[in-house]
Amino acid sequence: MTATAPLSLANLTAHYGATKVLDDLSLEVGAGELVSLLGASGCGKTTTLRLIAGFLAPTRGSIRLGDTDLTALPAHKRNIGLVFQNYALFPHLSVLDNVAFGLKQRGIATSEREARARRMLDRVGLSALADRLPGALSGGQRQRVALARALVIEPPLLMFDEPLSNLDAKLRIDMRVEIRQLQRANGTTSVFVTHDQEEAFSISDRVAIMDAGRIRQLDTPEVLYQRPANAFVARFVGFENLIDLRVTARDGARVTAEGAGGATVTLDQDQLGAIPDRFVLATRPDGLRVATGETGLPCTLGLRTYLGRAYHYQAETPVGPVTASGPLSQPLEPGGTAWLAPDPEQCCILPPEPA
Amino acid sequence: MIRRLSPPLIVFAILVYLFLLGPLVIVIGAALSDTTYLTFPPQGLSLRWFEKIFEMSAFRRTIVTSLQIAFASTTLALLIGIPAAYALNRYRIVLPSWLSTLFVLPVLVPEIVLGFSLLRSVQVGAGVPVLIALLLGHTLIVLPYCVRVISASLASFDFSIEEAAISLGSPPAKTFFTIVLPNVRSGVIAAFILAFITSINDVSVSLFLTGPGISTLPIQILAHVEQFFDPVVASVSVLLMLLTVAVMVVVERTLGLTFLAK
Amino acid sequence: MLKRFAGWTLSGPATFLVVLCLVLPVTATIAATFGSAKGPWALYQAFFESGFRQRVLWRTLEIALITTVVSVVIGFFTAYVVSRAPPRWRSVLIILAVFPLLTGVVVRSFAWLIVLGRNGIANNFFVWLGLEGAPYPMLYTQGSVIIAMIYLFVPLMVLTLVGVLENIPDDVIEAAASLGATQSAIFRQIIFPLAVPGLIVGAVLVFTGSFTSYATPQLLGGDRQMTMGTLLHQRAMVAFDWDGAATVAAIMVVVTLAIVLAMTRIARRLNPMAT
Ligand SMILES: Nc1ncnc2c1ncn2[C@@H]1O[C@H](COP(=O)(O)OP(=O)(O)O)[C@@H](O)[C@H]1O
Ligand SMILES: [Mg+2]
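Treat the numbers as computed from the prediction; the structure is a model and nothing was measured. (Residues numbered from 1 in each chain as written. Chains lettered and ligands numbered in written order. Predicted model: local features only at pLDDT ≥ 70, side-chain atom pairs only at ≥ 80, totals over all residues. Heavy atoms only, no water.)

## A word on the overall build of chain A
Phase 1: In terms of helices and strands, chain A carries nine helices and 20 strands.
Phase 2: With the C-alpha coordinates aligned to their principal axes, the bounding extent of chain A is approximately 80 × 45 × 35 Å.
Phase 3: Each of the 355 residues in chain A was classed as buried or not, and the buried ones make up 49%.
Phase 4: Here the contacts in chain A between residues at least 6 apart in sequence split such that 65% fall between residues at least 24 apart.
Phase 5: For chain A, the accessible area works out to roughly 15,500 Å², and carbon and sulfur atoms hold 49% of it.
Phase 6: Counting 36 positive and 38 negative side-chain charges, chain A places the averaged centre of each group 8 Å from the other. (Helix = DSSP H or I, 4+ residues; strand = E, 2+ residues; numbered from the N terminus. Buried < 20%, exposed > 50% of the residue type's maximum accessible area, 1.4 Å probe, protein only. Contact = heavy atoms within 4.5 Å. Areas by Shrake-Rupley, 256 points an atom, 1.4 Å probe, with all protein chains shown as cover. Lys, Arg positive; Asp, Glu negative; His and termini not counted. Charge placed at Lys NZ, Arg CZ, Asp CG, Glu CD.)

Given below as structure tokens:
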């Protein structure tokens, strides 16, 4: 029903004054796809949206939507649906007039735009509130109005800037399902900004993990979660233990590697994929098992925390401090010595971090 | 609830308020007096001194001039002050920080110095006609109120609302009038009123800029008092107080009395 | 960049007006004081060698100082009462303070002419009391100028301080009370220190306002109690001594700026919440 188009950002660089906030960022979003920008506060997510929306001019690079080059087009001609974190409803206009605003700019006759706005309000379940002012709505209702206002113009591209972060936890989950359903139904290409990993992974086709004005990895949630491509992304998705290792011996698929302090581990290339001579072994706490069997990485156990499904231990090893896990059936005492074995199912091999 | 106030403090405040309002009541009484000299309490009530105002062409003329100058200077100050306030808020990062200081200079520089300097450089130096010089001077002294009050309104305006409108297809200039301005309406009204009252009451700048045949009401009052001690000035004062009351009523109607309390 | 262009274009007309009609003329006035044929400081020498003009300067400073101190004290206690009054009274009291503030300087000074005049209400009262020597000559004394100035500035002080006092959150005061502070301890240890920055802002407004005023000293002090404001006018418009007037203007600007700068420094130092 809605015109939809792929979005293409090529080599975008942006500055605020002398500060570089986006650094050669490129991104392709397929037609009808929902891509999230995920990253800590200040990494440049909003800036990226503002560039696409046309509120900020890039110092370098180009923005294309379908066949149109947006780079030099004024913001009001870009035809992009925007949903803001703080809703940005027009305080002096009724809910209906808020939703009809974009249609009015497009010169659509009063009767038709009211009908379309009402239909849109119906879809977000707010028809009863059409005549209220935004000030008289709850947070969730306001965000629905903002959503309706962005959708009603049937834009080829929708952009959301942390649209759920002002809502309480329960509503946040309901709304994100609702947003995803509307987006799917319309097939609108979408860019969704959030700093909440769970939110990004649950709603997106693909997620771009951002850091300091760059995209560090762009992939499906599954790949990001299981096969991060670099140390930054690995840490971001919960691989807390990053151990620098060097291969000392290869025996078929079996590889022996040594880390700081002479500690050695044995890994299986059949399970982990090809292992280069220098690499970083990344594990989540659950992927580093505590045992007393005297094989693997020796460690001294520290603080034990109870997590319901397992215990976590802070442990000192020759390669540095790590967080490991152990079964509930065998609580170990802090101060004791134990051995750590990586679980190949929950490990991944990363290229060495540049010094 | 810690609202208990000690009785001496309450008595003190009552006395202060009597001090604040008493003299104004006395002016009203003197204006109603039937005598040819200023006195209070009034001896014999009459409105003859109010009629007298309009019989005296000097007062008639200066009242008109004052109103004209106040309207024109306030309008002009708003016309240049609103865009300036908008720029100061919207483009703060690209504008130098001294710019906002520049717009409060007219309150920082003593008005009487400004008046004298305008006389020297603008009226005499550049040969600008009296009425124009007067208008420029008044625009200058009311500009800070316009910029400051509207800036305060804009500071609490969420500019993403403006961006939302633009993203929905509304051109920037149109967006300013349909989205931004309606949301700072109370600031504009407040600025207008403050500026208008300031202009009407101004002495120190007008003092130097009035010329032969062109004067403002406060200057005319000063001139009259120097020569006569009759109740006509009291009745003019009452008119000015009525204007103040009218302004406060307008504020109450449009912005609510809580606005005055701010 | 586009934004810089938009920013300057929008603020341009106002900037242009202030620079052209304020910065340049005032600078020219001050520059003129150094342009005397007898050397750059000759006009200032003349000013400070004249006993009369020196007296005017000291008198103006004295009037401004007394006015400031009295207005601050009266304003603070009144504002305290207003800010703690029941809500309905509070708004009435605020409106009653706004009214004189919006009523012009000339009207408010003129009111004291009626009160303090030879046949004024004060003297009528003294005569009625049968006081010795009544009626007294009260107009054209320093006291009458000071009273009218205090009258002028108390509403401003009250309104400034009500705003400051209301910004002190109730729970801070309740916390102090819960810790055993008495009413007067709360007043002295919580409310007053938090109001200090506001007191200083108000004091600066009153001092500079009274130091540079014209209408009040003109009406109530006349030629006998000449102040910097009336002296400036007299030099410029009666004596046509523009150099002399410019010198008075320059001294006014210097004193005003010095007070504003010094007080903002002090305010920053005394602000209990400064980091
Ligand atoms: N208006 C601005 N002026 C100057 N710097 C800004 C401005 N807006 C954002 N920045 C800076 O740009 C960087 C990226 O900001 P932003 O894109 O808002 O981050 P995010 O949305 O990911 O939290 C931050 O370091 C921020 O401090
Ligand atoms: Mg952001």
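## So, helix H10 (residues 185–201) of chain B
Residues and elements named next belong to chain B.
Phase 1: The end-to-end C-alpha distance of H10 is 24 Å, a good match for the 24 Å that 17 residues give at a rise of 1.5 Å each.
Phase 2: Here H10 lies mainly inside the structure; 12 of its 17 residues are buried.
Phase 3: Among the residues of H10, Gly 187, Val 188, Ala 190, Ala 191, Ile 193, Ala 195, Phe 196, Ile 197, Thr 198, Ser 199, Ile 200 and Asn 201 are the ones counted as buried. (Expected span 1.5 Å × (residues − 1).)

## Some thoughts on the site of ligand 1
Phase 1: In the neighbourhood of ligand 1, the contacting residues comprise Tyr16(A), Val21(A), Ala40(A), Ser41(A), Gly42(A), Cys43(A), Gly44(A), Lys45(A), Thr46(A), Thr47(A) and Ile93(B).
Phase 2: Near ligand 1, residues from chains A and B are present, making the site a shared one.
Phase 3: In this structure, an oxygen atom belonging to ligand 1 sits 3.1 Å away from a main-chain N or O atom of Gly44(A).
Phase 4: A distance of 2.6 Å separates an oxygen atom of ligand 1 from a polar side-chain atom of Thr46(A).
Phase 5: About the coverage of ligand 1: the protein hides 60% of its 560 Å² of free accessible area.
Phase 6: In the shell around ligand 1, the residues fall into five nonpolar, five polar and one charged. (Near = heavy atom within 4 Å. Polar contact = N/O pair within 3.5 Å; in protein donor to acceptor, adjacent residues only side chain to side chain. Nonpolar A, V, L, I, M, F, W, Y, C, P; charged D, E, K, R; others polar.)

## Let's talk about the interface of chain B and chain C
Phase 1: The interface of chain B with chain C comprises 77 residues on the first partner and 82 residues on the second.
Phase 2: For the interface between chain B and chain C, the tally reads zero salt bridges.
Phase 3: Our count for the contact surface shared by chain B and chain C stands at seven residue pairs in polar contact (both at pLDDT 80 or more).
Phase 4: For the side of chain B that touches chain C, the per-class residue count stands at 65 nonpolar, eight polar and four charged. (Salt bridge = Lys/Arg side-chain N within 4 Å of Asp/Glu carboxyl O.)

## Focus: the packing of helix H2 (residues 48–55) of chain B against helix H13 (residues 232–255) of chain B
Axes are the key here: two packed helices are described by the angle between their axes and the distance separating the axes.
Residues and elements named next belong to chain B.
Phase 1: Across the interface, H2 lies against H13 with an axial gap of 8 Å and an inter-helix angle of 90°. As the angle between them shows, H2 and H13 are arranged roughly perpendicular. Within the contact between the two elements, H2 uses Trp 49, Phe 50, Lys 52, Ile 53 and Phe 54 and H13 uses Val 232, Ser 235, Val 236, Val 238 and Leu 239.
Phase 2: Residue composition of the contact of H2 with H13, by class: eight nonpolar, one polar and one charged. (Axes fitted to C-alpha atoms, helices over the stretch in contact; angles between N-to-C directions. Parallel < 35°, antiparallel > 145°, perpendicular 65-115°, else oblique.)

## Overview of the domain arrangement of chain A
All names here are of chain A.
Phase 1: Split into domains, chain A comes out as domain 1 (7–232) and domain 2 (239–350).
Phase 2: With centres defined by C-alpha atoms, the gap from domain 1 to domain 2 works out at 41 Å.
Phase 3: In this complex, domain 1 contributes seven residues to the contact, which on the side of domain 2 involves six residues.
Phase 4: Summed over both partners, the interface of domain 1 with domain 2 buries about 530 Å², with 56% contributed by carbon and sulfur atoms.
Phase 5: Among the residues of domain 1 in contact with domain 2, Tyr 225, Arg 227 and Pro 228 are the three that bury the most area, contributing 67% of the side total.
Phase 6: Linking domain 1 to domain 2 there are zero salt bridges. (Domains from an automatic or database assignment. Buried area = accessible area lost by both parts, 1.4 Å probe.)

## Describing the packing of aromatic side chains
Phase 1: Applying the stated criterion across every chain yields a total of 34 aromatic pairs over all chains.
Phase 2: Ring centres of Phe232(A) and Phe236(A) lie 6.1 Å apart, and the angle between their planes is 35°; this geometry places the pair in the tilted category. Here Phe232(A) and its partner Phe236(A) are both found in helix H8 (residues 231–236), four residues apart, which amounts to about one turn of the helix.
Phase 3: With relative accessibility at 22%, the residue Phe236(A) sits in the partly exposed group.
Phase 4: Here the aromatic residues Phe12(B), Phe76(C), Phe77(C), Tyr80(C), Phe187(C) and Phe192(C) are joined through ring pairs into a cluster of three or more.
Phase 5: Across from the ring centre of Phe90(A), 4.6 Å away, lies the NZ or CZ of Arg149(A), which sits over that ring. (Phe/Tyr/Trp six-rings, centres within 6.5 Å; stacked < 30°, edge-to-face > 60°. Lys NZ or Arg CZ within 6 Å of the ring centre and 35° of its normal.)

## Re the interface of chain A and chain B
Phase 1: The interface of chain A with chain B comprises 20 residues on the first partner and 19 residues on the second.
Phase 2: Buried surface at the junction of chain A and chain B, both sides included, amounts to about 1,700 Å², of which 63% is carbon and sulfur.
Phase 3: Taken as a group, His76(A), His92(A) and Gln105(A) account for 32% of the area that chain A buries against chain B, more than any other trio of residues on that side.
Phase 4: Notably, a salt bridge pairs Arg50(A) with Glu163(B), separated by 2.6 Å at the nearest N-O pair.
Phase 5: For the pair chain A and chain B, the number of links is seven residue pairs in polar contact (both at pLDDT 80 or more).
Phase 6: Listed by contribution, the elements that provide at least two residues to the side of chain A that touches chain B are strand E6 (80–83) and helix H2 (95–105) of chain A.
Phase 7: Examining the composition of the side of chain A that touches chain B, we find that three residues originate from one element, H2(A), more than from any other.
Phase 8: Among the residues making up the side of chain A that touches chain B, the classes are represented as 12 nonpolar, five polar and three charged.

## Some details on the environment of Tyr17(B)
Phase 1: The residue Tyr17(B) is located in helix H1 (residues 7–31) in this model.
Phase 2: The exposure class of Tyr17(B) is buried, given its relative accessible area of 8%.
Phase 3: Residues Tyr17(B) and Ala165(B), 148 residues apart in the sequence, show an inter-C-alpha distance of 49 Å.
Phase 4: Other than its neighbours up to four places away in sequence, Tyr17(B) contacts Gly22(B), Thr78(C), Val82(C), Leu93(C), Ile94(C), Leu96(C), Ala97(C) and Val158(C).

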